[in-house]
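# Chain and residue survey
What follows is each chain in one-letter form.
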Amino acid sequence: MNGILEPGMLVRHPGRPDWGLGQVQSRIGRRITVNFEHAGKVVIDGERVALVLVIGPED
């Protein structure tokens with residue numbers, strides 16, 4: 001799933017809901033840089049974590 005992520009897409013980290021909504025900044029190979037509301041900029045290993053794509057308005 002991480003292979004479809006592009007800069008600007010909104011995601012959530014399945015194991016860290018406290019980080020809030022994140023916006024993909026870049027994806028280079030398996031490294032995905034995401035700017036999360038409550039955790040700041042985090043580099044995710046896309047082979048270890050399957051980020052959850054957020055589609056549509058948040059409630």
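Remember, predicted model here, so these are calculated numbers, not experimental data. (Residues numbered from 1 in each chain as written. Predicted model: local features only at pLDDT ≥ 70, side-chain atom pairs only at ≥ 80, totals over all residues. Heavy atoms only, no water.)

### With respect to the pairing of strand β3 (residues 31-36)
Threshold: We call two strands paired when DSSP finds no fewer than two bridges between them. Here a helix means four or more residues in a row that DSSP labels H or I, a strand means two or more in a row labelled E, and each is numbered from the N terminus.
Relative to β3, strand β2 (residues 22-28) runs antiparallel, the two sharing six bridges. Residue pairing across strands places Ile-28 opposite Arg-31, the latter belonging to β3. Once β2 ends, the chain turns through two residues before running back antiparallel as β3, passing Gly-29 with a positive phi of about 65°. Relative to strand β4 (residues 40-45), β3 runs antiparallel, the two sharing six bridges. The residue bridging Arg-31 from the neighbouring strand is Asp-45, located in β4. Counting the residues that bridge the hairpin from β3 to β4 gives three residues.

### Digging into the pattern of salt bridges
Rules: Between Lys or Arg on one side and Asp or Glu on the other, a salt bridge is scored when a side-chain nitrogen of the former is within 4 Å of a carboxyl oxygen of the latter. To sort residues, take the accessible area from a 1.4 Å probe on protein chains only and compare it with the maximum for the residue type: under 20% means buried, over 50% means exposed, and anything in between is partly exposed.
A complete count under the given rule lists three salt bridges for this structure. Arg-30 is paired through a salt bridge with Glu-47; the nearest N and O atoms lie 3.2 Å apart. Here Arg-30, found in the loop between β2 and β3, pairs with Glu-47, found in the loop between β4 and β5 (52-53); they are 17 residues apart in sequence, far enough to count as distant. Relative accessible area serves as the criterion here: at 44%, Arg-30 is assigned to the partly exposed category. Taken together, the shared-partner salt bridges connect Arg-30, Asp-45 and Glu-47 into one network.

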